[in-house]
Amino acid sequence: MAGELDTRTRGRTARGRLRALDAYLCQFESALLTRVEGAWARAVFVDVGFGEHPWTTLESATAFRSLSPELSVVGVELEAERARAAASTHADARTHFREGGFALPLAPDEPARLVRAMNLLRQGPPERIPEAHRAMARHLLPGGLLVEGSSDTDGAVLVAHLLRRTPDGDTPVRERLLFHTDFSRGFAPLLLRDWLPRDLRRRVRPGEPVHAFFQAWEAAWKAARAAGHTLPPDAFAESIPRLAATMPGIAQDVWLATHGFLCWSPPGGIPP
Ligand SMILES: C[S@@+](CC[C@H](N)C(=O)[O-])C[C@H]1O[C@@H](n2cnc3c(N)ncnc32)[C@H](O)[C@@H]1O
C-alpha cells in the first residue's frame with residue numbers, strides 16, 4: 001500500500017495530543033465540518049497516520065461530531081497491523097480504519113472535507129513535502145482543508161500548516177500557519193520555532209520570510225515583557241498586537257489569544 005512518497009515511521013502518539021487543534025477547528029472551521037449540500041453530505045474527515053493506537057482519531061471524531069453528529073471519519077495508517085488492530089476494536093458504521101499512505105484509500109464517491117496529517121512528515125527529504133501535500137489534498141472538495149504539522153509528545157507545543165483546496169487546481173493554497181502552546185513549557189517564540197513543519201524549519205535563516213517573522217515576534221514578545229507582562233500567557237497575548245503592528249497577516253482574536261494560539265496568514269500565503 002505504501003507509495004514512493006511514503007516513509008515508514010514509529011507510531012508514537014498520546015491521548016489528548018491534538019485536542020487543542022480539535023478545539024481550534026471546531027471554533028474556526030465549523031462551517032467546513034457541518035456542510036451538507038451536494039457532495040458535502042458524503043465528505044469525510046481523514047486522519048492520516050494515526051499511530052499505534054487511534055486515540056487522536058477517536059478524540060477528533062467526538063469533537064467534530066459535537067457539531068456534525070453524522071460525520072464519517074477515516075483513520076489511515078501505512079502500517080497494516082495498526083490499521084487492522086484499530087478497525088477490529090474501534091470501527092463502527094461511521095468510523096473506519098484503513099491501510100494506506102498519502103494517496104489516501106478513499107472510494108471514488110467518498111470525498112474529503114478535512115485531512116489531517118500530524119507528526120508524520122518528520123523524516124524523508126523536505127523537497128517531497130509539496131508532493132505529499134498535493135497527494136493528500138487531491139481528495140478534498142474545493143474549500144476543503146489539509147492540516148499538516150508537528151507537535152511535542154503530549155501536544156503542549158504545536159505548529160501546523162493549513163492548506164486550502166481551491167477550485168482552480170491540484171496544488172492547495174498555503175493559507176495559514178497555526179502556532180499553539182498550553183504554556184506548560186513556559187513561553188518564548190523560539191519554543192514554537194523548534195516545532196515548525198519540516199519544510200519551514202530549515203528556512204529559519206536570514207533573508208527568509210519565516211526568519212523575519214520570528215525576529216519580529218521575538219521583538220514583540222520582549223517589548224511585552226519590558227512593559228510588565230512577564231507571565232507566559234500574558235507575554236504571549238500581549239505580543240500579538242505588537243507583532244500585528246509590524247507584520248501583515250497576524251490574526252487579532254480574543255479566543256485565539258486566550259487559548260494560546262497565534263495565526264499567521266500573510267498576503268500571498270505562507271512562503272514555500
Ligand atoms: C508519530 S505517529 C503520529 C500519530 C498521530 N498522528 C499523532 O500525532 O499523535 C506517525 C504515524 O504515521 C504513520 N505514517 C507515516 N507515514 C505515513 C503515510 N505516508 N501514510 C499513512 N501513515 C503514515 C506511521 O506508521 C505512524 O504510525
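Scroll up a little and you will see the structure.
Residues numbered from 1 in each chain as written. Predicted model: local features only at pLDDT ≥ 70, side-chain atom pairs only at ≥ 80, totals over all residues. Heavy atoms only, no water.

Overview of the overall build of the protein chain
Along the protein chain, the regular secondary structure elements total 10 helices and eight strands. Rg of the C-alpha trace for the protein chain: 18 Å, near the compact-globule value of 19 Å for 272 residues, within the 12% margin. By principal-axis analysis of the C-alpha atoms, the protein chain measures approximately 55 × 35 × 35 Å. Residue burial in the protein chain is summarised as follows: out of 272 residues, 51% are buried. Across the protein chain, every contact between residues at least 6 apart in sequence was considered, and the portion connecting residues at least 24 apart equals 66%. (Helix = DSSP H or I, 4+ residues; strand = E, 2+ residues; numbered from the N terminus. Rg over C-alpha atoms; globule rule 2.2 N^0.38 Å. Buried < 20%, exposed > 50% of the residue type's maximum accessible area, 1.4 Å probe, protein only. Contact = heavy atoms within 4.5 Å.)

Looking at helix H5 (residues 129-137)
Among the residues of H5, Ile129, Ala132, His133, Ala135, Met136 and Ala137 are the ones counted as buried. Elements that come into contact with the buried residues of H5 comprise strand E1 (44-48), strand E4 (112-118), strand E5 (140-151), strand E6 (157-164), strand E7 (173-181) and helix H7 (198-201).

Side note on the packing of aromatic side chains
In this structure the tally under the stated criterion is 19 aromatic pairs. On the numbers, 5.5 Å between centres and 70 degrees between planes, the contact of Phe179 with Trp217 is edge-to-face. Remark: Trp217 occurs in helix H8 (residues 209-226) and Phe179 occurs in strand E7; sequence separation between them is 38 residues. For Trp217, a relative accessible area of 0% gives the class buried. A centroid spacing of 5.1 Å and a plane angle of 90 degrees characterise the contact between Phe187 and Phe236, whose relative ring orientation is edge-to-face. A residue pair is termed long-range when its members are at least 10 positions apart, and Phe187 in the loop between E7 and helix H6 (189-193) and Phe236 in helix H9 (residues 232-244) qualify at 49 residues. Taking the relative accessible area as the measure of exposure, Phe236 reaches 0% and is therefore buried. (Phe/Tyr/Trp six-rings, centres within 6.5 Å; stacked < 30°, edge-to-face > 60°.)

What to know about helix H3 (residues 55-65)
The buried count for H3 comes to eight of 11 residues, which makes it a mostly enclosed element. Buried residues in H3 make contact with helix H1 (19-28), helix H2 (30-34), E1, strand E2 (73-77), strand E3 (95-99) and E4.

Section: the packing of H8 against H9
Packed helices, taken two at a time, are described by their axes: the angle between them and the distance between them. Direction vectors running N to C along H8 and H9 enclose 120 degrees, while the axes themselves pass 8 Å from each other. Considering their axes alone, H8 and H9 lie oblique with respect to each other. The way H8 lies across H9 gives a crossing that is right-handed. Facing H8, whose interface residues are Phe213, Ala216, Trp217, Ala220, Trp221, Ala223, Ala224 and Arg225, H9 presents Ala235, Phe236, Glu238, Ser239, Arg242 and Leu243. (Axes fitted to C-alpha atoms, helices over the stretch in contact; angles between N-to-C directions. Parallel < 35°, antiparallel > 145°, perpendicular 65-115°, else oblique. Left-handed = near helix turned anticlockwise from the far one by under 90°.)

As for the site of the ligand
Of all residues adjacent to the ligand, which total 23 residues, the nearest are Asp6, Thr13, Gly49, Glu77 and Arg82. Between the ligand and Gly49 there is a distance of 2.7 Å, counted from a nitrogen atom to a backbone nitrogen or oxygen. The side chain of Glu77 places a nitrogen or oxygen atom 2.5 Å from an oxygen atom of the ligand. The fraction of the free accessible surface of the ligand (600 Å²) that becomes covered by protein chains is 97%. Tallied by class, residues from the shell around the ligand come to seven nonpolar, nine polar and seven charged. (Near = heavy atom within 4 Å. Polar contact = N/O pair within 3.5 Å; in protein donor to acceptor, adjacent residues only side chain to side chain. Areas by Shrake-Rupley, 256 points an atom, 1.4 Å probe, with all protein chains shown as cover. Nonpolar A, V, L, I, M, F, W, Y, C, P; charged D, E, K, R; others polar.)

Thoughts on the sheet that holds E1
As a general point, the strands of a sheet are linked pairwise by backbone hydrogen bonds and lie either parallel or antiparallel. Spatially, E3-E2-E1-E4-E5-E6-E7-E8 is the arrangement adopted by the eight strands of the open sheet, whose pairing is mixed. One side of each edge strand has no neighbouring strand; the edge strands of this open sheet are E3 and strand E8 (261-264). The average undirected angle you get between the axes of adjacent strands in this sheet is 20 degrees. For E1 and E2, the ladder comprises four bridges, and the chain directions are parallel. Across the sheet, Val46 pairs through a bridge with Val74, a residue of E2. Packed onto the sheet, H5 meets E1, E4, E5, E6 and E7 and runs at close to 135 degrees relative to E5. (Pairing = 2+ DSSP bridges.)

Observations concerning the pattern of salt bridges
As a working rule, side chains carrying opposite charge can pair if their charged atoms are close by. Inspection of the entire model under this criterion finds 19 salt bridges. When the shortest N-O distance is used, the salt bridge between Glu81 and Arg84 registers 3.0 Å. In this pair, Glu81 and Arg84 are both assigned in helix H4 (residues 80-90), three residues apart and thus about one turn of the helix distant. (Salt bridge = Lys/Arg side-chain N within 4 Å of Asp/Glu carboxyl O.)

Here we look at the state of the cysteines
Among covalent bonds in proteins, the disulfide is the one between the sulfur atoms of two cysteines. By the definition in use, this model includes zero disulfides. Cys26 takes part in no disulfide bond, and the closest cysteine sulfur, belonging to Cys263, lies 15 Å away. According to the relative accessible area criterion, Cys263 is buried, its value standing at 0%. (Disulfide = S-S within 2.5 Å.)

Details of the pairing of E3
Bridging between E2 and E3 involves five bridges; their strand directions are parallel. Its bridge partner being in E3, Gly75 is matched across the sheet by Phe97. Running through H4, the crossover from E2 to the neighbouring parallel element E3 is right-handed. (Right-handed = clockwise from strand over helix to strand, strands pointing away.)

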